[in-house]
Amino acid sequence: MIVLLGVLVVILGFATRRNPLLVVGVAGIVTGLLGKLSPQEVLATFGNSFASARSVTVFVITLPVIGLLERYGLQEQARTLIGRLGKLTTGRFLALYLLIRQLTASVGLTSIGGPAQSVRPLIAPMAEAAAEAKAGRPLPQKLREKVRSHASGADTIGVFFGEDCFIAIGSILLITGFVNSTYDQHLEPLHLALWAIPSAICAFLIHGARLLNLDRQLERELAVAAAENDLTTHAGIRTEDAK
């Protein structure tokens, strides 16, 4: 059981807000050493795991492409497009993206979106542009980060609850394989996929309501920020008059 101290390293690392890659790497080394592996064996395990899961790092190939697209105005074009749709607010746009993300994930298309591939270069700028179009002025940095976090959350929640509706996804196959081999059951992937549909619907309704409520939150916080700017401006004018 002492090998499980590696989990404690992960918990402490995340609790103290350390670099996630460093935390996981240290936890792997600690777990290997506690499991009586030599340093050479630990290093070999890291190498073999990386080589057998190369598909996990495929997203790195897309980063230069996304950088080039952003350099040549992808975000500006996305902002321009969303700015022409006056009735499409930030919450409505993200709720629509949540629905699209869930539907595509439910048929196995989990890789067409993601924080790096779509949220940063397209979805987040479009959501910010919708908020700025309604406010009539640029967003404060705090609200800009809030919109970006909701854009990323919509992507994550959509794919998380949508992918389980697809019978050939890894999580479904893992569950059925474990249950059938451990408990001598005959659970079919289709059964799990069907039972995942109600969860996906509830997730969309709950998080969709949160996204629609985001419009009211942004409106209130923009009003507060405008009032604070007015107070600051008036205070500056009075200070100048006193001088």
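Look up: the structure comes first, before these words.
A brief structural summary.

## Here's the deal with the overall build of the protein chain
- Looking only at helices and strands, the protein chain has 10 helices and zero strands in total.
- In the protein chain, which comprises 243 residues, the share counted as buried stands at 28%.
- Of the contacts made within the protein chain by residues no fewer than 6 positions apart, 67% connect residues no fewer than 24 positions apart.

## Focus on unusual backbone geometry
- Positive phi values are uncommon outside glycine, yet Arg17 reaches one of about 60 degrees.
- Within the secondary structure layout, Arg17 lies in the loop between α1 (5-15) and α2 (20-34).
- Judged by its relative accessible area of 76%, Arg17 is exposed.
- Even without being a glycine, Lys36 presents a positive backbone phi close to 65 degrees.
- Relative to the assigned elements, Lys36 resides in the loop between α2 and α3 (39-52).
- You can call Lys36 exposed: its relative accessible area is 77%.

## Observations regarding the environment of Thr16
- Mapping Thr16 onto the fold places it in the loop between α1 and α2.
- For Thr16, the side chain forms a polar contact with the main-chain oxygen of Gly13, separated by 3.2 Å.

## Side note on the pattern of salt bridges
- Across all of its chains, the model carries six salt bridges by this definition.
- Across the pair Glu221 and Lys146 runs a salt bridge whose closest N-O atoms are separated by 2.6 Å. One end of the pair, Glu221, is in helix α10 (residues 189-242); the other, Lys146, is in helix α8 (residues 141-162), with 75 residues separating them in the sequence.
- On the accessibility criterion, Glu221 (27% relative accessible area) is partly exposed.
- Among the ionic contacts, a cluster of salt bridges with common partners joins Glu128, Glu132, Arg144, Glu145 and Arg148.

## Here's the deal with α2
- The first and last C-alpha atoms of α2 sit 21 Å apart over 15 residues, in line with the 21 Å expected at 1.5 Å per residue.
- Immediately downstream of α2, the backbone of Lys36 shows phi near 65 degrees, a positive value.

Thresholds applied
Counting starts from 1 at the beginning of each chain's written sequence and moves along it residue by residue. At least 70 in pLDDT is required for a residue's local features to be given in this predicted model, at least 80 for side-chain atom pairs to be given and counted, and no such filter applies to totals for whole chains, interfaces and linings, which use all residues. The side-chain figures draw on all heavy atoms in the structure; neither hydrogens nor water molecules are used. Helix and strand assignments come from DSSP, with helices taken as H or I runs of at least 4 residues and strands as E runs of at least 2, each series counted from the N terminus. Burial status follows relative accessibility: with a 1.4 Å probe on protein chains alone, a residue under 20% of its type maximum counts as buried, one over 50% as exposed, and anything between as partly exposed. Any two residues whose heavy atoms approach within 4.5 Å at even a single point are treated as in contact. Nitrogen and oxygen atoms within 3.5 Å of one another constitute a polar contact, given that in protein one can donate a hydrogen and the other can accept it, and given that sequence-neighbouring residues count only through two side-chain atoms. Whenever Lys or Arg places a side-chain nitrogen within 4 Å of a carboxyl oxygen from Asp or Glu, that contact is recorded as a salt bridge. Multiplying one less than the number of residues by 1.5 Å gives the expected span of a helix.

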